[in-house]
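Each chain, letter by letter, is given below.
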Amino acid sequence: MGCDNSGRPSSEGAGNRARAPEPGHCSLDRGRSPTGAGWNVPPDDYSGGMSSPVSPNGFRTALVLGGGGAVGILWMTGLAVGLRELGIDLSRADRFVGTSAGAVVAANLANEVDLVALVAALPTADPAAPPVDGSGLQQIIATVMAEGSSLTESRRRIGELALERNVGDPAEHVARMSRQLGSIGWPERDLVITSTDITTGGLQTWFPDGKASLGEAVAASTAVPGIFPPIPIDGRYYIDGGMISPINAGLAAGAELIVVLEPLAGMFPHAPSDSELGEATVIFVAPDDEARAIIGPDVFDRAALRPAYDAGWRQAVQVAPQLREIWPVA
């Protein structure tokens, strides 16, 4: 299945009508978040280098986009494009919080770039291209788990081991992620990009304040340990913001309405701060069964990129009824 020029999935390769999500795939809650389980070091809090989560001017709506690798980027992008076609524009959020894969989509939504054009520019999957090697990440996690350190120290050690592996030039990763952004600069919007400071083991947030370029911030947020190199910014190194939490929803605290897109829902535990959302109305959107099967265990599978986009677009039909009456309109 492909996309037509409007960004809609084409009907080629039929039998792909979206199925309704199982309970929990699109859930409405108030001030709480579900907790999954996984092999990563469980997050505990937002200690270490965190900037204030509250905008000086306040905000009513927040869009939180979680990690999910390259395939997760395409699922969230397809969902955003599909919702826009149905009259729901996620770029209308007052605050955007992006973690790892979600940092890419958050930046593009905040900059109001042409998502369809970005997807159309994706190269066709090359069967001969070597897959992304995730063994380095697995080895780092196994080493740290065996050491039995505290959570903050474990994150610091993960960063230290990632730096020792020398898996590539940080500048190349910055350039790679910059190519996925439809704009080279920070938007004049309330955009928060997360990463993990390997010096402190704590959360570092990036804003349009000049401390990092947008490309550097997104590269840091997506620097999966053992796969991509830690990113140096102003004398320190930073890795994937998902080491703290797969969503970092606590950075949306203060909003009245929070929508969370989580490609890897149920796979990794949330931080306690992800549940500290006050009296906000919170809508969690996770892949339905069809999308979950497409995303699969390899979130860097090039062959799954376009199918993930199509799955996100189709799932927008299931999500739209919950958002239509409460999401801001132009």
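Residues numbered from 1 in each chain as written. Predicted model: local features only at pLDDT ≥ 70, side-chain atom pairs only at ≥ 80, totals over all residues. Heavy atoms only, no water.

Caption draft 1: Inspection of helix 6 (residues 170-178) at higher detail. Buried within helix 6 we find His173, Val174 and Met177. In a view along the axis of helix 6, the buried residues occupy a sector of 100 degrees, so they form one face of it. Packing partners of the buried residues in helix 6 comprise helix 2 (101-110), helix 7 (214-221) and strand 6 (231-233). N-capping of helix 6 is provided by aspartate 169, with a side-chain oxygen placed 2.9 Å from the backbone N of alanine 171. (Buried < 20%, exposed > 50% of the residue type's maximum accessible area, 1.4 Å probe, protein only. Helix = DSSP H or I, 4+ residues; strand = E, 2+ residues; numbered from the N terminus. Arc of directions from axis to C-beta. Contact = heavy atoms within 4.5 Å. Polar contact = N/O pair within 3.5 Å; in protein donor to acceptor, adjacent residues only side chain to side chain.)

Caption draft 2: Layout of the UniProt feature "active site" (unreviewed entry) in the chain. Here the UniProt feature "active site" (unreviewed entry) sits at Ser100 and Asp240. Their sequence span is 141 residues, while the largest C-alpha to C-alpha distance among them is just 5.9 Å; these annotated residues converge on one region. Here serine 100 is to be found in the loop between strand 3 (95-99) and helix 2. The exposure class of serine 100 is buried, given its relative accessible area of 8%. With near-sequence residues (within four places) excluded, serine 100 lies in contact with Gly67, Ser221, Thr222 and Asp240. Relative to the helices and strands, aspartate 240 resides in strand 7 (residues 236-240). Those residues in contact with aspartate 240 that lie beyond four places of it in its chain are Ser100, Ser195, Thr196, Ala220, Ser221, Thr222, Ala223, Val224 and Pro225. (UniProt positions renumbered as here; feature names shortened; annotations may be inferred.)

Caption draft 3: Here's a closer look at the pattern of salt bridges. Tallied over the entire structure, the rule returns nine salt bridges. Among the ionic pairs, arginine 156 bridges to glutamate 153, the shortest N-O distance being 2.7 Å. With arginine 156 and glutamate 153 both in helix 5 (residues 151-165) and three residues apart, this pair spans about one turn of that helix. Under the relative-accessibility criterion, glutamate 153 is labelled partly exposed at 29%. (Salt bridge = Lys/Arg side-chain N within 4 Å of Asp/Glu carboxyl O.)

Caption draft 4: Representation of unusual backbone geometry in the model. The phi dihedral of aspartate 234 is positive, around 55 degrees, even though this residue is not glycine. Tracing the chain through its elements places aspartate 234 in the loop between strand 6 and strand 7. Assessed through its relative accessible area of 77%, aspartate 234 is described here as exposed.

Caption draft 5: Highlighting the confidence of the model for the chain. In this model, the chain carries an average pLDDT of 83, and 80% of its residues clear a pLDDT of 70 or more. Confidence drops under pLDDT 50 across residues 1-6; counting only partners more than four residues distant or on other chains, this segment forms 18 contacts. For residues 10-24, every residue scores under 50 in pLDDT, and the model assigns this stretch 20 contacts once sequence neighbours within four places are set aside. (pLDDT = per-residue confidence, 0-100.)

Caption draft 6: Seen up close, the packing of aromatic side chains. All told, the structure shown has two aromatic pairs when counted by the stated rule. The interplanar angle of 85 degrees and the centroid separation of 5.0 Å between the aromatic rings of tryptophan 206 and tyrosine 238 together place this pair among those described as edge-to-face. In this pair, tryptophan 206 is assigned in strand 5 (residues 203-206) and tyrosine 238 in strand 7, connecting sequence segments 32 residues apart. On the accessibility criterion, tyrosine 238 (5% relative accessible area) is buried. Considering the side-chain rings of phenylalanine 228 and phenylalanine 300, the 5.8 Å spacing of their centres and the 75 degrees angle between planes classify their relative orientation as edge-to-face. In this pair, phenylalanine 228 sits in the loop between helix 7 and strand 6 while phenylalanine 300 sits in the loop between helix 8 (289-295) and helix 9 (305-324), placing the two residues 72 residues apart along the sequence. As far as burial versus exposure is concerned, phenylalanine 228 and phenylalanine 300 are alike and both buried. (Phe/Tyr/Trp six-rings, centres within 6.5 Å; stacked < 30°, edge-to-face > 60°.)

Caption draft 7: Here's a closer look at the side chain of aspartate 197. Within the secondary structure, aspartate 197 is located in strand 4 (residues 190-197). Among the residues examined, aspartate 197 registers a relative accessible area of 2% and is labelled buried. Within the local environment of aspartate 197, its side chain forms a polar contact with the side chain of arginine 236, the two groups lying 2.7 Å apart. Sequence-distant contacts of aspartate 197, that is, excluding residues within four places in its chain, are made with Gly202, Arg236, Tyr237 and Tyr238.

Caption draft 8: Structural detail: the pairing of strand 7. Across three bridges, the pairing between strand 4 and strand 7 is antiparallel. Bridge assignment links aspartate 197 to a residue of strand 7, and that residue is tyrosine 238. For strand 6 and strand 7, the ladder comprises three bridges, and the chain directions are antiparallel. If you follow proline 232 over to strand 7, its bridge partner there is tyrosine 237. From the end of strand 6 to the start of strand 7, which pair antiparallel, there are two residues, and aspartate 234 there has a positive phi angle of about 55 degrees. (Pairing = 2+ DSSP bridges.)

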